[in-house]
Amino acid sequence: MAFNLSSLFLATSIGLPLAIGIAVGAIVIGLVVGALAGARVLQAQREKKIKSAEAIIAKMKEDAEQECKQIKKEAILEAKEQELKLRKEFESEAKEKRAELQKMEQRLVQKDEILNKKDANLLKKNEEVEEQKRHLEEKLKEIKILQEKVEKQHELMIAELEKIAQLSREEAKAQIMEAVQEEARRDCAVTVRRIEEEAKEEAEKKAKDIISLAIQRCCTDHASEISVSVVPLPNDDMKARIIGREGRNIRALENATGIELVIDDTPEVVIVSGFDPVRREVARLSLEKLISDGRIHPARIEETVEKTAKELDQKIKEAGEAAMFDCGLFGIHPELIKLLGRLRYRTSYGQNVLQHSIEVAYLAGLMAQELGVDVNLAKRGGLLHDIGKAVDHEVEGTHIQIGADLAKKYRENKNVINCIQAHHGDVEPRTIEAVLVSAADAISGARPGARRETSTSYIKRLEALENIASGFAGVDKSYAIQAGREIRVIVKPEQIDDAKAMFLAKDIAKKIEAELEYPGQIKVNVIRESRAIEYAK
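Residues numbered from 1 in each chain as written. Predicted model: local features only at pLDDT ≥ 70, side-chain atom pairs only at ≥ 80, totals over all residues. Heavy atoms only, no water.

J.: Would you mind showing me how to read the overall build of the protein here?
T.: What the protein contains, in helices and strands, is 14 helices and 8 strands. The burial tally for the protein puts 28% of its 537 residues in the buried class. In the structure as shown, the protein presents an accessible area of about 37400 Å², 56% of it carried by carbon and sulfur atoms. (Helix = DSSP H or I, 4+ residues; strand = E, 2+ residues; numbered from the N terminus. Buried < 20%, exposed > 50% of the residue type's maximum accessible area, 1.4 Å probe, protein only. Areas by Shrake-Rupley, 256 points an atom, 1.4 Å probe, with all protein chains shown as cover.)

J.: Just checking my understanding: could you explain the environment of alanine 309 for this structure?
T.: Relative to the elements of secondary structure, alanine 309 occurs in helix α6 (residues 298-326). Residue alanine 309 is classed as partly exposed on the basis of its relative accessible area of 27%.

J.: I tried to follow a negative patch on the surface on my own but got confused; where do I start?
T.: Together, Glu62, Asp63, Glu65 and Glu67 line one region of the surface with negative charge. Tracing the chain through its elements places aspartate 63 in helix α1 (residues 2-165). (Patch = residues over 30% accessible without salt bridge, like charges linked within 9 Å, V, L, I, M, F, W, Y side chains within 5 Å. Salt bridge = Lys/Arg side-chain N within 4 Å of Asp/Glu carboxyl O. Lys, Arg positive; Asp, Glu negative; His and termini not counted. Charge placed at Lys NZ, Arg CZ, Asp CG, Glu CD.)

J.: Whenever I open this one, the sheet that holds strand β6 (residues 475-481) confuses me. Can you help?
T.: The strand order β6-β7-β8 describes an open sheet built from 3 strands, whose pairing is mixed. Edge positions in the sheet fall to β6 and β8 (523-527), since each of these pairs with one other strand and no more. Neighbour-to-neighbour, the strand axes of this sheet turn through a mean angle of 20°, independent of strand direction. Relative to strand β7 (residues 486-491), β6 runs antiparallel, the two being bridged by 6 bridges. (Pairing = 2+ DSSP bridges. Axes fitted to C-alpha atoms, helices over the stretch in contact; angles between N-to-C directions.)

J.: Help me understand the packing of aromatic side chains in this model?
T.: A ring pair, where both rings are aromatic, is described by two values, the distance of the centres and the angle of the planes. One pass over the structure, following the stated rule, counts 1 aromatic pair. We note lysine 511 situated over the ring of phenylalanine 472; from NZ or CZ to the ring centre the distance is 5.4 Å. (Phe/Tyr/Trp six-rings, centres within 6.5 Å; stacked < 30°, edge-to-face > 60°. Lys NZ or Arg CZ within 6 Å of the ring centre and 35° of its normal.)

J.: What should I look at first to understand a nonpolar patch on the surface in this one?
T.: Residues Ile20, Val24, Val28, Val32 and Leu36 make up a contiguous nonpolar surface patch of roughly 420 Å² in combined accessible area. Here leucine 36 is to be found in helix α1.

J.: Please explain helix α7 (residues 334-342) as it appears in this structure.
T.: A turn of α-helix holds 3.6 residues, and therefore any two residues three or four places apart point the same way. For α7, the set of buried residues is Leu336, Ile337, Leu339, Leu340 and Gly341. On its buried face, α7 sits against α6, α8 (353-371), α9 (375-384) and α10 (399-409). (Contact = heavy atoms within 4.5 Å.)

J.: Looking at this structure, I do not really get the side chain of asparagine 249. What am I missing?
T.: With respect to the secondary-structure elements, asparagine 249 resides in helix α4 (residues 248-257). Excluding anything up to four places from it in sequence, asparagine 249 contacts Arg241, Ile242, Ile243, Gly244, Ile296, His297, Pro298 and Ile301.

J.: Could you clarify how one ought to interpret the packing of helix α5 (residues 277-293) against α6 in this entry?
T.: The description of two packed helices rests on the angle between their axes and on the distance between the axes. At their nearest, the axes of α5 and α6 sit 9 Å apart, and the two run at 125° to each other. Regarding the angle of α5 to α6, the classification is oblique. You can see that α5 and α6 cross each other, and the crossing is right-handed. Residues Val278, Glu281, Val282, Leu285, Ser286, Lys289, Leu290 and Asp293 of α5 form the contact with α6, whose own contacting residues are Arg300, Ile301, Thr304, Val305, Thr308, Ala309, Glu311, Leu312, Lys315 and Ile316. (Parallel < 35°, antiparallel > 145°, perpendicular 65-115°, else oblique. Left-handed = near helix turned anticlockwise from the far one by under 90°.)

J.: Honestly, the packing of α8 against α9 in this entry has me stumped. Any pointers?
T.: At a closest axis distance of 7 Å, the pairing of α8 and α9 adopts a crossing angle of 160°. Here α8 lies roughly antiparallel to α9, going by the angle between them. Every pair of crossing elements has a handedness; the one defined by α8 and α9 is right-handed. Between α8 and α9, the residues in contact are Ser357, Ile358, Val360, Ala361, Ala364, Gly365, Ala368 and Gln369 and Val375, Ala378, Lys379, Gly382 and Leu383, respectively.

J.: Sorry, what's going on with the side chain of serine 286 here?
T.: Its place among the elements puts serine 286 in helix α5. Separated by 3.3 Å, the side chains of serine 286 and threonine 308 make a polar contact. Apart from residues no more than four positions distant in its own chain, serine 286 is found in contact with Thr304, Val305 and Thr308. (Polar contact = N/O pair within 3.5 Å; in protein donor to acceptor, adjacent residues only side chain to side chain.)

Structural data, given as structure tokens:
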């Protein structure tokens, strides 16, 4: 029993791996055989698909060939139809062209016939013209013969006339020319006067409206100023203190200011006299400070004058800036602003020049606004037109020339410079604004109470005005009226006719402008009248 178990175990231990190996081998062989069988199946399927695809491709190729044949057939048919259509159109156009050519040919034939007829008519007319030309030549020969006879007769008549009149041909021509020129001059003067009167009526009406409107809108005060200042004193004892020991105080004050002090018997006042308005103002303010302080001696005087001069410089600058801002102007050079401020202490015919300049700027600006021209230019020219008067006592030349030089120096606009140069007529105005500045200057100076002059200079001006008018030939009498605003000239009617009266008025006005200085403007009124006097006996 033991033998059998061990034998069995042994047999089992030997045969089990062999069985497993056989089994595995059988499996592998089965897999290989299956794979080969599957491969054959796959190959058969692939061949079948390939055949099916080849059949489809062959079918598609056949269908494509059929479709191409159909498309080609349709294209051929369409091309034939298009060819037929184009052929019909060409034949139609050709037919129309042939018809047009036939019509043109007919028209050309007709024109040719017409031209042939015209040529025949022209030949006929040329023959007629030649005939007329020959006839005219014969007439010209006859006229020439007659003209020679007339010229000879004319020469004989001229010789006879010269003999009768005792004048040569040149003398007679000169007399006729002189008469014609005189008549033409008279007609010209009459026409010019009529045109001027019409223009003056219209211009004066419009100018009066503009000026009156400007004056109404510009209301300023006028104060007559003089070249002396009066300083009140608390008592007459102060005069001795101002004079000082042996006059040292008054000399120190006069030397420091360059102004003359007049201390006379007038109670409780000291007169400060001088033509430089700025120095006079420094002297007046300094003297008031010294009187208020009570310490009056040379050292204190020099210190006070120096301090007052600095304060006045600041006031001058502020006055110039205030004038510029009041007029609504900007961009004026600082040095010109200082000079404007100096005009506050400058007078002309008793009129404050700074106030006058502001008024001229206002008036010129208002008139410029009414006329639709440059308002700022008119205001700027009006404000700076008398700028030369700020230094005319220090620099040689007229205030116009000095003002123009200052404006050029500080690079003012050339039109502003022209306003300065032209406001008294020394230079021809180039702009309307320059004319407005000149008019505004005359308006400001001509206002009642704006300016004053002494009775002596007033009488001298009137006499000079009358003498200028009386100096012209043909003047009988002349009268200055309306405070020198008008000169009436009565002429001799036998020497001055109406035409010459107009030229005489212009000549008198030009001479007055050249020789006289006067505020505003002067009207020259030439009067000519004829009187017939007879006595009943």
